[in-house]
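Spelled out from the first residue to the last, the chains are:
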Amino acid sequence: MTTNDNTTVKITTNLLSPTIDLKRRYRAERWFKRLGLSAIVLALSFVAFLFFTIISDGYSAFTQSYIELDVHFAEDEFTNENLAKANFPALVKESMRAMFPKVKSRREKKQLYSLISPAAAYRLQEIIEADPKIIGTTLKFWVLADDDVDMFMKGKIDRNQNEDNRRIRDNQLTWIDKLIDDGRLERRFNWTFLTSGDSREPELAGILGAAKGSFLTLLITLSLSFPIGVASAVYLEEFAPENRWTDLIEININNLAAVPSIIFGLLGLAIFINFWGLPRSTPVVGGLVLTLMTLPTIIIAGRASLKSVPPSIREAALGVGASKMQTVTHHVLPLALPGMLTGTIIGMAQALGETAPLLMIGMVAFIVDVPAGITDPSTVLPVQIYLWADSPERAFTEKTAAAIMILLTFLVTMNSLAVFLRKKFEIKW
Amino acid sequence: MKVKSILVAGALSLSMTAPAMAARDYISIVGSSTVYPFATVVAEQFGKTTGSKTPKIESTGSGGGFKLFCGGVGVSYPDITNASRAIKSSEMKTCADNGVKDIVEVKIGYDGIVLANSKKVAPLSLTRKDIFLALAAEVPDPAHPGKLVANPYKTWKEVNSSLPNTKIEVLGPPPTSGTRDAFVELAMEGGCKTFDFIKSMKKSDKKSYKKVCHTVREDGAYVEAGENDNLIVKKLQANPSSMGIFGFSFLDQNADVVQGSVIEGKAPTFEAIAEGAYPVSRPLFFYVKKDHVDVIPGMKGYLAEFSSDKAWGEEGYLADKGMIPMPEAERKLFSQNIASLKTMDLK
């Protein structure tokens, strides 16, 4: 080989006229670079496609159609002492009838009422309970339109389709046109989506319940997995003797990091719910299960960043008389912490997107009330996406995409925080 | 040693204090994914109008629901389980073994299972026999009647000459699904029975009769598409030559893009299913643990809401969501059962 190398060196001394061999090497390098670049471009185009489909499907979920009603709160409707017992749906129906007095047949009336969401009655009930003095007056209200009307307003129902094939009938179309002409039907920003829990009516469904469930679950996960993970990493890296037991523990930790997450769900079901008797479907159980899942990630990242602290730091600290514990807590740990934090945030982002283990502990459930604490039943963002994607109503398609957008926002924020922390506190030795 | 004793003490204290905090002030419901879209509407309506906590509903599948439901009596076990089939005797036994002795059975309505395709092509007109021949793993040999062979049919035309010459490709739910169970039982077994020699097997060899009638082919003609019916609807739009199996409510919501096949001369319409004329329809149920009715707040209210005419009646909101209501006499019977909490006889 050495003789060969010598000949090459001799021939290529003149770089202005490269040999064929050198040209071939340059060409190979160019191709290698192009190959890498095209891989990146391909991956990016997939991401762009994903973002494009999700955003184009989902952006419309942030507006919702509303209809203006003149509601007359007739006194004789509120004779019962309990205001909640009044017939609120009838009030809504009456105001719709007043707007379209020509509608007479029972079938047509039913079609007319179905333009308004059932949520309208709940809203009237809230208003009356907040201020009973308005009984006897007539007031204007904007109430939610039905999801089919909303889909029509968003152009997702084609009026040129055959009547049998669309969910909005011809006479409903004429009413909708009239409402639009009168300025009584319009699209507004959808606050409901951001401020309420799940619902089976697409126009009422919101993401807050799931977002809060995710927050509470991750809070439990973070407050358990970070201290345990850091303590384990420090012990294993700084204090543990090197013997067969620590090797065994290390193999097990690496193994656990690769175990399918549903296994942790089964474990959680067996231990936390069946043995400890913690309540099903709650963030406390979800948080414990996700703790088990993220611990290996945090321990591995923690050990890696402890390893990257140069031994000279430890030796210097020990040399000036610091104890082992002082060395670790005053010098090694602060230097290793940015790396540990990055690992933790990535572990948390992974936990945020997890559904499989939660299936076993009953967090895949229909829950309307926004959870108030860690023992209230709740669900999480990815589960909410899964549940909506599985709902028959067409309007849930855009809610699904919008929920994905919100989940992606959280994930991007967490991951960029990890990058930022690493860049800011990174120390080059 | 010190560390160990602290750990042991911690685990002990956790295991002792935990059950105390598990009192429950909301209803816990599990069970069928077919009943889930209906039960959730009732739960939400109940929660919103009464101001009580909204029941929590998990979609676990009928079998998974019974498993949880029959786990025992007490706040850590569900109060109600939804099912797209009646409880099996083996499940009743599990229930009884775990102390769940008083169960109230409530039928809530019917669901039709449709075999649909894209609106871009003509609807098919099938018989149950065609469905069996197209989808069973083993069918009677066309050359030697009375013998079974592995399903040789590749196109619908081979199954029945009046059908179009398209490849058999059916997207349907996996074996864990209640929809699949019901489809196999109603459509395939219905077609299977039309062959006399297979029908006579029922008496002589029930096991192999079941195997013949209930086994779906696995050579690629039947594609398991997961439990997501929306996905099946989307795939049908993309591939007009394929067929999909799902519940009536999905057909109802997507009538502009897919159409149900006519089965034995009956199209899957609301009226045909309600009359019982459409052959592939099944009853839906829920089961209530009687011991929980007085313990968990809101149980009576939820049951009353479910059995009210504005929910499960002919003009009720469940019918709007695609559930097929029961005839009036049946509704009356089951609402009486609910009112008196009439329990099932344990067989």
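A quick note: this is a predicted structure, and the numbers were derived from the prediction, not measured. (Residues numbered from 1 in each chain as written. Chains lettered and ligands numbered in written order. Predicted model: local features only at pLDDT ≥ 70, side-chain atom pairs only at ≥ 80, totals over all residues.)

Asker: Which residues make up the overall build of chain A, and what are the values?
Answerer: A count of helices and strands for chain A gives 17 helices and four strands. Relative to the 2.2 N^0.38 estimate, which gives 22 Å for 429 residues, the radius of gyration of chain A is 31 Å and therefore markedly larger than a compact globule would have. Referenced to the eigenvectors of the C-alpha coordinate spread, the extents of chain A come out at roughly 100 × 65 × 35 Å. Across the 429 residues that make up chain A, the buried fraction comes to 38%. Considering only contacts in chain A between residues 6 or more positions apart, those separated by 24 or more positions represent 78%. (Helix = DSSP H or I, 4+ residues; strand = E, 2+ residues; numbered from the N terminus. Rg over C-alpha atoms; globule rule 2.2 N^0.38 Å. Buried ≥ 20, exposed ≤ 12 C-beta atoms within 10 Å, placed from the backbone. Contact = placed C-beta atoms within 7 Å.)

Asker: Tell me what's going on with helix α14 (residues 299–306) of chain B, and back it up with residues and numbers.
Answerer: Residues and elements named next belong to chain B. All buried positions along α14 are accounted for by Y302, L303 and F306. The buried residues of α14 occupy one face: seen down the axis, they fall within an arc of 95 degrees. Along its buried surface, α14 packs onto α2 (36–50), β4 (103–118), β13 (281–289), α15 (309–312) and α17 (328–340). (Arc of directions from axis to C-beta.)

Asker: Residues and numbers for the pairing of strand β3 (residues 80–83) of chain B, please.
Answerer: Residues and elements named next belong to chain B. Of the two faces of β3, both are covered, the one formed by I80 and N82 as well as the one formed by T81 and A83. With three bridges connecting them, strand β1 (residues 28–31) and β3 associate as parallel partners. Opposite I29, over in β3, you have I80 as the bridge partner. The pairing of β3 with β13 spans four bridges and is classified as antiparallel. Residue T81 lies in a different strand from β13, and its bridge partner there is Y287. (Pairing = 2+ DSSP bridges.)

Asker: I'd like a rundown of the sheet that holds strand β2 (residues 138–144) of chain A, residues and numbers included.
Answerer: Paired through backbone hydrogen bonds, the strands of a sheet run either parallel or antiparallel to each other. All names here are of chain A. Spatially, three strands are ordered β2-β1-β3 in an open sheet, and the strand pairing comes out antiparallel. For this open sheet the edge positions go to β2 and β3 (185–189), each flanked by a neighbour on one side alone. Shown here is a sheet whose adjacent strand axes are inclined to one another by a mean of 40 degrees, direction ignored. As paired strands, strand β1 (residues 63–72) and β3 are joined by five bridges and run antiparallel to one another. Bridged to Q64 within β3 is R188. (Axes fitted to C-alpha atoms, helices over the stretch in contact; angles between N-to-C directions.)

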